[in-house]
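Analysis of the macromolecular model
Residues per chain, in single letters:
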Amino acid sequence: MFRAPQTYGQGFGPKTSRTSELRATTSSQVLFHCFYYKKSFVRFNVKRVAASCVLLASKQEETPRKAGHVLNVFHRMECRKENLPVEHLDSFSEKYSELKMDLVTTERYLLKDMGSYAILHTTLCVQFKSEVIACGVIYAVARRFNVLLPKNPP
């Protein structure tokens, strides 16, 4: 059964988090969605980008994982999805070397591309609670589109 790339992108974070105990679930999904906000699902392999986002987010959240660990997690997820026997990737195999090179190359491309996203360079998430940031965003959007907000919200 075909799954849309967007659906894959919404589900990879929680699955990798449960599988590999990665704490960077939210950051990886933000990176993923920011990347595909500008890029095409057809041009860039969704699974490679997802794995690279998890690797990059783990570094960003100061819980870095080795590339091999991320590759093994995504490989196990694919085996389970395809109902194949779950096998450990041999770190000396040609397939492993190719996957690792793709992972690192895609990570570098993400880093280059993310340089244009100001949201990744802000300290708002450290200075304020998420509820305050959300309220600010709602206020800014309402003001931009001339939408009146209730005086006493529920």
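Note: the structure precedes this text.
None of the values given here were measured: they were computed from a predicted structure.

1. Let's talk about the layout of surface pockets
Considering only enclosed or pocket space, the second largest pocket measures out at about 280 Å³ in volume. Lining the second largest pocket are 14 residues, and of these Lys47, Leu71, Phe74, His75 and Leu99 lie nearest its centre. If you list the elements that add at least two residues to the lining of the second largest pocket, you get helix H3 (46-60), helix H4 (67-81) and helix H5 (94-114). Considering only residue class, the lining of the second largest pocket consists of 7 nonpolar, 2 polar and 5 charged.

2. Focus: H4
For the α-helix, the turn length of 3.6 residues means that residues three or four positions removed from each other point alike. Between the first and last C-alpha of H4 there are 21 Å, a value that for 15 residues agrees with the 21 Å anticipated at 1.5 Å per step. Three or more residues of H4 are buried, namely Ala67, Gly68, Val70, Leu71, Asn72, Val73, Phe74, His75, Met77 and Cys79. Directly after H4, the chain includes Asn83, whose backbone phi takes a positive value near 55 degrees.

3. Quick word on the side chain of Ser52
As for its position among the elements, Ser52 is in helix H3. Beyond its immediate chain neighbours, meaning those up to four positions away, Ser52 contacts Leu103, Thr106, Glu107 and Leu110.

4. Some words on the packing of helix H2 (residues 25-38) against H5
As a packed pair, H2 and H5 sit with axes 11 Å apart at the nearest point and diverge in direction by 70 degrees. As the angle between them shows, H2 and H5 are arranged roughly perpendicular. On H5, the residues touching Leu31, Cys34, Phe35 and Lys38 of H2 are Tyr109, Leu110, Asp113 and Met114. The residue inventory of the contact of H2 with H5, partitioned by class, reads 6 nonpolar, no polar and 2 charged.

Parameters and conventions
- Residues numbered from 1 in each chain as written.
- Predicted model: local features only at pLDDT ≥ 70, side-chain atom pairs only at ≥ 80, totals over all residues.
- Heavy atoms only, no water.
- 1 Å grid on protein atoms, 1.4 Å probe; cavity = no way out; pocket = protein on both sides within 12 Å on 5 of 7 lines; lining within 4 Å.
- Points joined across faces, edges and corners; volume = space filled by probe spheres on them.
- Helix = DSSP H or I, 4+ residues; strand = E, 2+ residues; numbered from the N terminus.
- Nonpolar A, V, L, I, M, F, W, Y, C, P; charged D, E, K, R; others polar.
- Expected span 1.5 Å × (residues − 1).
- Buried < 20%, exposed > 50% of the residue type's maximum accessible area, 1.4 Å probe, protein only.
- Contact = heavy atoms within 4.5 Å.
- Axes fitted to C-alpha atoms, helices over the stretch in contact; angles between N-to-C directions.
- Parallel < 35°, antiparallel > 145°, perpendicular 65-115°, else oblique.

No statement about biological role is implied by the geometric values presented.
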